[in-house]
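Summary of the model geometry
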Amino acid sequence: MSRRLLMIAGTLLLLVCGAAAQAPSPEAMSAARKLVVTLKIADQYRALLPQLLLKLRPVVAQDRPEIERDYDAVTAPGSEIYVPFVASMIEQIAALYAQTFTVDELRQIDTFYAQPAGRKFLEKSDALAQASEQISQDVSQKAADELKRRLIEALRQKGHKL
């Protein structure tokens, strides 16, 4: 009997794992790619590439002016060197979104971010995240200071010398 139960459990596990490993549907991928475009993720990635290439410049060019000139020409904005990486990033993020959300959810998210309020949220999200992080740090520091004061006071009332 336990062997049969193990067989059933194994079969169920294979079915669940197989379903999770399936590629998203073409419709889900299409909706996810559209969302990636709306979110301007490729633009954000493209903005980071020049910084990466600037860091690589001294390593590759080895302070040789003739190499530096050619390096700059090969890595100029709009260069073909970026294309495969941007395309790969778009596909991988689209697949992640397609696996995480239903087609309907992807469309709803895309609709929100395509509207003025969604575009404004995207524009302000980095600044909001930084400000939120600062608020969190400030409140945490105040909480730690106040909790320390209260704990020391409570322990002193119990006769501890602190």
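The following paragraphs examine the structure supplied in this document. (Residues numbered from 1 in each chain as written. Predicted model: local features only at pLDDT ≥ 70, side-chain atom pairs only at ≥ 80, totals over all residues. Heavy atoms only, no water.)

Thoughts on helix H3 (residues 41–61)
Which entries qualify depends on this criterion: Elements are defined by DSSP. Helices are runs of H or I of four residues or more, strands are runs of E of two residues or more, and each kind is numbered from the N terminus. To estimate how far a helix should extend, the number of its residues minus one is multiplied by 1.5 Å. The bend at a residue is defined as the angle formed between two axes, one fitted to the seven residues ending at that residue and one fitted to the seven starting there. Throughout, exposure labels follow a simple rule: accessible area from a 1.4 Å probe, protein chains only, divided by the maximum for the residue type, with under 20% read as buried, over 50% as exposed, and the rest as partly exposed. Note on contacts: a residue pair is in contact if any heavy atoms of the two residues lie within 4.5 Å.
Its 21 residues place the ends of H3 30 Å apart at the C-alpha level, agreeing with the 30 Å of an ideal helix rising 1.5 Å per residue. In H3, a bend of some 30° at Lys55 exceeds every other bend along the element, and Pro58, a proline, comes one to four places later. Burial in H3 covers these residues: Ile41, Ala42, Leu49, Leu53 and Ala61. Buried residues along H3 sit against helix H2 (26–38), helix H4 (65–74) and helix H5 (83–100). Two residues or fewer after H3 comes Gln62, characterised by a positive phi angle close to 55°.

Section: the packing of H3 against H4
For any two helices packed against each other, the geometry comes down to the angle between their axes and how far apart the axes lie. Cut-off, in case you're wondering: To obtain each axis, a line is fitted to C-alpha atoms, and for helices this fit is confined to the stretch in contact; angles are then taken between N-to-C directions over 0 to 180 degrees. Note: crossing handedness is left-handed where the near helix turns anticlockwise from the far helix by less than a right angle, and right-handed where it turns clockwise. Three residue categories are used. Nonpolar comprises Ala, Val, Leu, Ile, Met, Phe, Trp, Tyr, Cys and Pro, charged comprises Asp, Glu, Lys and Arg, and polar comprises the others, including Gly.
Between H3 and H4, whose axes approach to 10 Å, the crossing angle comes to 145°. In the packing of H3 onto H4, the handedness of the crossing is right-handed. From H3, Leu53, Leu56, Arg57, Val60 and Ala61 reach across to H4, where they touch Ile67, Glu68, Tyr71 and Asp72. Split by residue class, the contact of H3 with H4 holds six nonpolar, no polar and three charged.

Regarding the side chain of Thr38
What counts, and what does not: A 3.5 Å cut-off defines polar contacts: any pair of N or O atoms within that distance qualifies, except that in protein one atom must be a possible hydrogen donor and the other a possible acceptor, and neighbouring residues in sequence count only when both atoms are side-chain atoms.
If you trace the backbone, Thr38 turns up in helix H2. On the basis of relative accessible area, Thr38 is assigned to the buried category, the value being 18%. A polar side-chain atom of Thr38 sits 2.3 Å from a polar atom in the side chain of Asp110.

Topic: a nonpolar patch on the surface
The cut-off we apply is this: Here the term patch refers to residues with relative accessible area over 30% and no salt bridge, with like charges joined within 9 Å and nonpolar side chains (Val, Leu, Ile, Met, Phe, Trp, Tyr) within 5 Å. In this description, accessible areas are obtained by the Shrake-Rupley approach with a 1.4 Å probe, and a residue is regarded as covered only by the protein chains that are shown. The rule for a salt bridge is simple: a side-chain nitrogen of Lys or Arg has to be within 4 Å of a carboxyl oxygen of Asp or Glu.
A cluster of nonpolar side chains, namely Leu52, Leu56, Val59 and Val60, defines an oily patch on the protein surface of about 340 Å² accessible area. Topologically, Leu52 is positioned in helix H3. The class for Leu52 is partly exposed, based on a relative accessible area of 45%.

Topic: helix H6 (residues 103–114)
For clarity, the cut-off: Within this analysis, the arc is defined by the directions that extend from the helix axis to the C-beta atoms.
The first and last C-alpha atoms of H6 sit 16 Å apart over twelve residues, in line with the 16 Å expected at 1.5 Å per residue. What H6 keeps buried is the set Val103, Leu106, Asp110 and Tyr113. The buried residues of H6 occupy one face: seen down the axis, they fall within an arc of 95°.

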